[in-house]
Structures are given as C-alpha cells and as structure tokens.
Amino acid sequence: MSADAPLFTYCLRLADSALVLGHRLSEWTAYAPTLEEDIAIANLALDLIGQARLFYDYAGKIEGQGRDEDALAYLRDDRDYMNLLLVEQPNGDFAVTMMRQFLYAAFAVPYLAALTRSKDETLAAIAAKAEKEMAYHLRHAGEWVIRLGDGTEESHARAQAALDDLAIYIDEFFEVDAVEQSLIDAGIAPDPASVRSAFEATLAHVLGEATLARPAVRTGQSGGRKGLHTEHLGHLLAEMQVLHRAHPGANW
Amino acid sequence: MYAQALDQKDKGPAVIEDPERLARFEARCAADEKIEPKDWMPEAYRRTLIRQVSQHAHSEVIGMQPEGNWVTRAPSLKRKAVLLSKIQDEAGHGLYLYSACETLGVSREEVVEALLAGKAKYSSIFNYPTLNWADMGAIGWLVDGAAIMNQIPLCRCSYGPYARAMIRICKEESFHQRQGYEIMLTLARGTPAQKAMAQDALNRWWWPCLMMFGPPDAVSEHSSESMRWKIKRFSNDDLRQKFIDATVPQGLFLGLTFPDPELKFNEATEHWETGPIDWSEFKRVLAGEGPCNRQRMRVRRQTEADGAWVREAARVHAKKRAARQALQAAE
Ligand SMILES: [Fe+2]
Ligand SMILES: [Fe+2]
C-alpha cells in the first residue's frame, strides 16, 4: 500500500456516497409532487453530483494512474463502490426520499464542517463548499420531514415508516476502520465520533417537531465501506453505467 | 409547436365588446404598447392568451419526461449534470408561465386540471420517444432551436407578462440549443457508433421538428385578430423557413445527412427547400395517436396522483402551524 492509498480510498468513499445519493435524487426528474419540488430536488442532485466530481477528480490525482472522474464513476463495479448503505436505498415514496436526505444531511453538515479543518488543503476546500450546500439540504429535507410528520395521518404514517426502515443505516456513519483511523491520526479526516452529538441534537429537534419516534435499533447495518452493499446498488450502477460501458474509450 | 394554440380558433362564446373600449385597445396594440393585467382587454384576447400561455406551460412540463428518460443513463458526470440542470430550467419555465397565466385570471390548479382532463394540449413534439443518447443532443439543437424561432417574436407579444416571461425563457432556450448542438458535435466527431446515434436522432427528429411550427399558412386556423393584437407576429411558414435556413447548414457542418432526398438550396431565393411535410402524421399525433401521447398523459396523471398526499400534508401542516402561532400570539 502506497502512502497515499488511504487518502485515495477515503476520497472515493466521500465521492461514492455523494454520487449515489445524487443519482437517486436524479431519478425523481419529472416525477416530483410539485413543480417547485422538481426544481428543488434537481438542485440537491446537482450539488451532490458536483461534490462527487470534485472528490473523484482529487482521488484520480492522488492515485496518479490517469483515471478521471468518469473512469472512477463508470468503470468500477459495485464491489468497489464504498458509499454508505443509506444513500443507495431506493427512493420509495416522497417520505422515504426526504427522510434519507435528512439523515444524510444531518450527518454531512457537522462532518464536512469538521473536514474543513483538515490538514489536507484540497479536502478542506471541497468540504467548505459542500458544507454550505448540505446545510441547505438539511433545511429543505428537515422541513419536509416536519411537514410530513406533523401533517396528515397518512403523511405521518409514511414518514414514520420511512424512518423505521432507514434508521438501521445510521450507525454506519460513525464506523471507523483502519484506513480512516490512519487519516484521523494524521489530522486529515475528522473522527465521526466527534460529530455524533451534533447529529443526535439535529435528529432530536427535527423528529420532535415532526412528532416522529426514533425506533430502537439493536443491530445497525453496515458494509458499504468494504464494498458489501444492499441488493439495490447493483441495479443503480447497471443503469448508470450501461451507456458509458457500451462504448469503451468513447468521448462524450 | 409551443405556439400550437395560436393555430386554433377561439371557440369561446362570442362576446359583444364595448366598441369604444375595443377601439382604444386596438389602437394600443397597433402602437405596440404593452397590455398589462389590470388593463381592459377583449374576452377573446384573454381567452386566446390563456390558451396559448397555459399550453406553453404544459409543454415545458410534459417536455421534462422525454429528457428525464436519459438522466440516469447519461454517459458522463458532466453530461448528467448539464442535462439535469436543463430539465430544471424547463420546470422553471413551466412555473414562470403558470404565473403569467394567473395574471389573466386563471389559477394554476385550473389550467393543470384542464391538461389532466385532456382538454388542454401541449406541444406534440413531446409525443415522440427518446431512444438513444443523441436524442438529448437533437432535442436541444432542434426542439429548443425551433422553440426559440417561435418564441423570439413572442418577446414582443402585446401582453406584458407573457412578453417578459419570453425574454427570460429565450435566453435559457438558446443556451439549451447550444448545449444540444455541442452534444451532436461531440457524437458526430466520435466513434462510428456515436456518429450513427447522432444520425439516427436527426432522422427521427427532423420532420417532427418542422411540424412544430404548425400547419401551413394556407390551412392554419389562426384568426387575423391574433396577428392584429400582436400575439402572433409571424406566419407558421415564415418561421419554419427561418428554422430550416438556420438549421440545415448546422447539420451539414456536423457531417450528417437530413432524412429528405429533396432537400436543396435554391440559389435564386437563397432558401433551403424541403420535400413535402407529411401533415397526416401531424394530424395523427395532434389527435392523440402519436407514439407517446398515452404514456405522457398517464405519467403526468400518475405523478399528480402520487403527489396528492404530499401536497395535502403540506397544506394541513401549514394550517396547524398558523393555528399554533395564532394561539401563541393570543397568550
Ligand atoms: Fe423551456
Ligand atoms: Fe429548453
């Protein structure tokens, strides 16, 4: 393992989560509950795809093998993708999509804020841009979680069901493996444990206003960092990569 | 096309207008003055505009479907982002036009209801399928291109809110047109398979795009009023010819061929001349028998139905919140 290998892996993880979530959101194009929401969801998707591109670009430079953002996004299989399991979960109904977005943003905002203090200047700069974007995601998705939770009986039930289904993916946010630990020790990556209280405070506040109950989770699901995914990612990548892979070496 | 509504007769009940007011109104139109929402206007003017602006809005919204079809398969991250933001622009155009419609006294709900009920039309071009990636290029280049040809004159439409909406929208449409052409250019200069995609897209979109300008002048039903009232400013055939003259050289520059063996440049008139347009196809698609008419409407209705509980939740929550605030204020 070269000295830069952990940093490369770490960049890919950040990129993969952003891309997969951005891709999921892009699946809503033309199907949102209102035109305003079509525009808003496209904004969220564009932010995340933009973040992914910055992280991939940096990863490619660290690796130094000439792989660009598209080589990294389109030519790796699901076993090589290292995104969080949460972000690959299917869109479901609007409650699932907004709950997924809320949970991710509730973690991403304090995490990226901590990453802005990284000793790696490039990561710090990307994080500074991404943090601002994710703060908007948190506001937007958080407001929807509150509206749906404290809306009608139906919307409440749907929002609660979404939370019940997705809560098992929260613990994975806070897992640290050897790769990440080495970067934490070097002052490059933040320790996710350090943002847990901020995350919990956001959840408590929003779920409280939404009158939603946080389910007890005995065993959280994880594996994304090791490329062990849910059944959904393979389908997502098959669709996303099909055209690019059908024309090896083509320019688009 | 997007201005399809102007080729229909106003079918509303005849209204006898006050001759004096009508004369003043006509004079203002003739003097190229802008008519604003609070101004007096003849009923037929209002109805024609509502029909036109709402159909334009519906076209923007339905038009999101064929392009949305390729977002998840876009072949590079950059293209994915550009396509997403293009479609986002179209949603914005829809919103903007629904607002312009509201200035004429109809709510967004009413005009959307007319679309869902099958009473209002949208541009027939969106009843064709997007079958390969090059269609994203062809739509930007040709469909947005034709839209611009139609809409630039509408920037000087007599109705102020619509004219102003058009100015803003045209700017974005010309950006879309350039992006679309750039996709075509990349494909045309790419691998043989990519070039074949581009050719296939041009083959399928060329004739439907020429039809976007509406029936030939000889049979167009638009009234002389919409010309006089400065709602419609050029004839269908004039706009179509402008589009052909602008587009053919661009296609030839791509190294592609047009699916028209009779296409030729007339040195005397300095115009490109096409073979006959198959107007029976146009009529079929307009009558609901195009490849995607049913699909587009089914998806739109399904999307509206699927979103109903969300919109209802937002309404109920806003009410609850307002009630709580009122209670707090009272304490
Ligand atoms: Fe548009
Ligand atoms: Fe456009």
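Positions within a chain are numbered from 1, following the residues in the order the chain's sequence is written. Throughout, the order in which chains and ligands are written sets their labels, letters from A for the former and numbers from 1 for the latter. Side-chain atom pairs in this predicted model are given and counted only at pLDDT of 80 or more, local residue features only at pLDDT of at least 70, and totals for whole chains, interfaces and linings cover all residues. Hydrogens and waters are ignored; side-chain quantities use all the structure's heavy atoms.

## Overview of the overall build of chain A
So, point 1. In terms of helices and strands, chain A carries ten helices and zero strands.
So, point 2. Along its sequence from the N terminus, chain A presents helices and strands in the succession α-α-α-α-α-α-α-α-α-α.
So, point 3. For a compact globule of 252 residues, the expected C-alpha radius of gyration is about 18 Å, and chain A comes in at 18 Å, within 12% of that figure.
So, point 4. The cut-offs for exposure are 20% and 50% of the maximum accessible area for each residue type, with area from a 1.4 Å probe on protein chains only; residues under the lower value are buried, those over the upper are exposed, and the others partly exposed. Looking at the 252 residues of chain A, the share that counts as buried comes to 60%.
So, point 5. We call two residues contacting when some pair of their heavy atoms lies within 4.5 Å. A separation of at least 24 residues holds for 81% of the contacts in chain A among residues at least 6 apart in sequence.
So, point 6. Positive charges are assigned to Lys and Arg, negative charges to Asp and Glu, while His and the chain termini are left out of the count. By convention, charge coordinates are those of NZ in Lys, CZ in Arg, CG in Asp, or CD in Glu. Positive and negative charge centroids in chain A, built from 21 and 38 side chains respectively, lie 3 Å apart. Each helix is a run of H or I in the DSSP string that is no shorter than four residues. Each strand is a run of E no shorter than two, and both are numbered from the N terminus. We compute the radius of gyration from the C-alpha atoms alone; for a globule the expected value is 2.2 Å times N to the 0.38, where N is the number of residues.

## A closer look at the overall build of chain B
So, point 1. When its secondary structure is counted, chain B shows twelve helices and two strands.
So, point 2. Across chain B, helices and strands are ordered from the amino to the carboxyl terminus as α-α-α-α-α-α-α-α-α-α-β-β-α-α.
So, point 3. In summary, chain B has a C-alpha radius of gyration of 22 Å against a globular reference of 20 Å for 331 residues, a match within 12%.
So, point 4. The principal-axis extent of the C-alpha atoms belonging to chain B is close to 75 × 50 × 35 Å.
So, point 5. Each of the 331 residues in chain B was classed as buried or not, and the buried ones make up 55%.
So, point 6. A separation threshold of at least 6 residues defines the contact pool for chain B, and within that pool the share at least 24 residues apart is 80%.
So, point 7. All accessibility values rest on the Shrake-Rupley procedure with a 1.4 Å probe; residue burial counts only the protein chains present in the view. For chain B, the accessible area works out to roughly 14400 Å², and carbon and sulfur atoms hold 56% of it.
So, point 8. Side chains of chain B carry 46 positive and 43 negative charges; the gap between the two charge centres is 5 Å.

## Some points on the state of the cysteines
Residues and elements named next belong to chain B.
So, point 1. Note on disulfides: each one is a pair of cysteine sulfur atoms within 2.5 Å. Per the stated rule, a full pass over the model turns up zero disulfides over all chains.
So, point 2. Here C29 stays free of any disulfide, with the sulfur of C157 as its closest cysteine sulfur at 9.0 Å.
So, point 3. Take C157: its relative accessible area is 0%, and that puts it in the buried class.

## Describing the pattern of salt bridges
So, point 1. Any Lys or Arg side-chain nitrogen located within 4 Å of an Asp or Glu carboxyl oxygen qualifies as a salt bridge. For the structure shown, the criterion picks out 37 salt bridges over all chains.
So, point 2. A salt bridge links B:E67 to B:K86, with the nearest nitrogen and oxygen atoms 2.8 Å apart. In this pair, B:E67 is assigned in helix α3 (residues 64-68) and B:K86 in helix α4 (residues 77-102), connecting sequence segments 19 residues apart.
So, point 3. The exposure class assigned to B:K86 is buried, which follows from its relative accessible area of 6%.
So, point 4. What emerges from the salt-bridge pattern is a single network uniting A:D171, A:R196, A:E200 and A:R214.

## Observations concerning the coordination of the iron ion (ligand 1)
Residues and elements named next belong to chain B.
So, point 1. Surrounding the iron ion (ligand 1) are the protein donor atoms E60 (OE), E60 (OE), E90 (OE), H93 (ND1) and E173 (OE), at 2.0 to 2.8 Å.
So, point 2. Sequence spacing of the donor residues for the iron ion (ligand 1), all on one chain, is E-x29-E-x2-H-x79-E.
So, point 3. We call an atom a donor if it is N, O or S and sits within 2.8 Å of the metal, or 3.2 Å for Na, K and Ca. Water is not counted, so some sites may look partial. The metal-metal distance between the iron ion (ligand 1) and the iron ion (ligand 2) is 3.5 Å, with E90 serving as a donor to both. Taken together, the residues E90 and H93, both in helix α4 and three residues apart, mark about one turn of the helix. Across the pair, H93 and E90 agree in class, each one buried.

## Things to note about the interface of chain A and chain B
So, point 1. In this complex, chain A contributes 48 residues to the contact, which on the side of chain B involves 48 residues.
So, point 2. Once two parts are put together, the accessible area they lose, assessed with a 1.4 Å probe and summed over both, is termed the buried area. Taking both sides of the interface into account, the surface hidden between chain A and chain B amounts to around 4000 Å²; carbon and sulfur atoms contribute 69%.
So, point 3. Scanning the region where chain A abuts chain B turns up four salt bridges.
So, point 4. Within 3.5 Å is the distance limit for a polar contact, defined as a pair of N or O atoms, with the added protein rule that one can donate a hydrogen and the other accept it, and that residues adjacent in sequence qualify only through two side-chain atoms. At the boundary of chain A with chain B, the tally comes to 16 residue pairs in polar contact (both at pLDDT 80 or more).
So, point 5. Looking at which element gives the most residues to the side of chain A that touches chain B, the answer is helix α2 (residues 35-63) of chain A, with eleven residues.

## A short note on the coordination of the iron ion (ligand 2)
All names here are of chain B.
So, point 1. In the first shell of the iron ion (ligand 2), the protein supplies E90 (OE), D144 (OD), E173 (OE) and H176 (ND1), at 1.9 to 2.2 Å from the metal.
So, point 2. Angles of 89 to 149° at the metal separate the four donor atoms of the iron ion (ligand 2), which places the site in the irregular class.
So, point 3. Read in sequence order, the donor residues coordinating the iron ion (ligand 2) give the pattern E-x53-D-x28-E-x2-H. By the criteria applied here, four donors are tetrahedral when all angles lie between 85 and 135 degrees, four are square planar and six octahedral when opposite donors are over 155 degrees apart and every other angle lies between 65 and 115, and any other arrangement is irregular.

## Some remarks on helix α1 (residues 5-26) of chain A
So, point 1. Here, expected helix span is obtained from the residue count minus one, scaled by 1.5 Å. The terminal C-alpha atoms of α1(A) lie 31 Å apart, and with 22 residues this matches the ideal 32 Å at 1.5 Å per residue to within 8%.
So, point 2. Summarising burial for α1(A): 22 of the 22 residues are buried, a large majority.

## Concerning the nonpolar core
So, point 1. A:Y56, A:F102, A:L123, B:W133, B:W205 and B:W206 are the most contacted members of the largest nonpolar core, which has 188 residues in total.
So, point 2. In terms of residue count, the dominant contributor to this core is helix α5 (residues 94-115) of chain A (17 residues).
So, point 3. The residues touching B:W206, leaving out its near neighbours within four places in the chain, are B:L142, B:F243, B:I244, B:T247, B:V248, B:F258 and B:P259. Within this scheme, the nonpolar core is defined by two criteria: the residues are buried Ala, Val, Leu, Ile, Met, Phe, Trp, Tyr or Cys, and they are joined through side-chain atoms within 4.5 Å.

## Here we look at unusual backbone geometry
So, point 1. A positive phi angle, near 80°, is found at A:A30, a position not held by glycine.
So, point 2. Checked against the element boundaries, A:A30 lands in the loop between α1 and α2.
So, point 3. In this structure A:A30 comes out as buried when scored by relative accessible area, which is 2%.
So, point 4. Positive phi outside glycine occurs at B:K230, with the angle close to 60°.
So, point 5. Within the secondary structure layout, B:K230 lies in the loop between α9 (224-228) and α10 (236-253).

## Things to note about the confidence of the model for chain B
In low-pLDDT regions, the fine details of the predicted coordinates are not to be read closely.
So, point 1. Chain-level pLDDT for chain B is 94 on average; 96% of the residues reach the 70-or-more range.
So, point 2. Among the prediction metrics, the complex's ipTM stands at 0.97, with pTM recorded as 0.96. pLDDT measures the predictor's confidence residue by residue and takes values from 0 up to 100.

## Details of the packing of helix α6 (residues 134-151) of chain B against helix α8 (residues 192-211) of chain B
All names here are of chain B.
So, point 1. To obtain each axis, a line is fitted to C-alpha atoms, and for helices this fit is confined to the stretch in contact; angles are then taken between N-to-C directions over 0 to 180 degrees. Running from N to C, α6 and α8 cross one another at 30°; their axes reach a closest spacing of 9 Å. Relative to α8, α6 is oriented roughly parallel. For the element pair α6 and α8, the recorded crossing hand is right-handed. Here α6 contributes A134, D135, A138, I139, W141, L142, V143 and A146 to the contact with α8, which in turn contributes M197, A198, A201, L202, R204, W205, W206 and C209. Should an angle fall under 35 degrees it is called roughly parallel, over 145 degrees roughly antiparallel, and 65 to 115 degrees roughly perpendicular, with every other angle called oblique. Crossings are classed by handedness, with left-handed meaning an anticlockwise turn of the near helix from the far one by less than a right angle and right-handed meaning a clockwise turn.

## Structural notes on helix α6 (residues 121-149) of chain A
So, point 1. Taking 1.5 Å per residue, 29 residues should reach 42 Å; α6(A) reaches 40 Å between its end C-alpha atoms and fits that length.
So, point 2. Put simply, A:D120 is the residue that caps the front of α6(A), since its side-chain oxygen is 3.0 Å from the backbone nitrogen of A:T122.

## A word on the packing of α6(A) against helix α12 (residues 293-330) of chain B
So, point 1. Where α6(A) contacts α12(B), the axes come no closer than 8 Å and their chain directions differ by 85°. Classified by the angle their axes make, α6(A) and α12(B) are roughly perpendicular. Of the residues in α12(B), those in contact with A:W144, A:I146, A:R147 and A:L148 of α6(A) are B:W309, B:V310, B:A313, B:A314, B:H317 and B:R321.
So, point 2. Only Asp, Glu, Lys and Arg are considered charged in this grouping, and only Ala, Val, Leu, Ile, Met, Phe, Trp, Tyr, Cys and Pro are considered nonpolar; every other residue, Gly among them, is considered polar. The class makeup of the residues in the contact of α6(A) with α12(B) is seven nonpolar, one polar and two charged.

## Thoughts on the side chain of B:E173
So, point 1. Looking at the element boundaries, B:E173 is found in helix α7 (residues 160-188).
So, point 2. No salt bridge is formed by the buried B:E173; the nearest opposite charge belongs to B:K86, separated by 5.5 Å.

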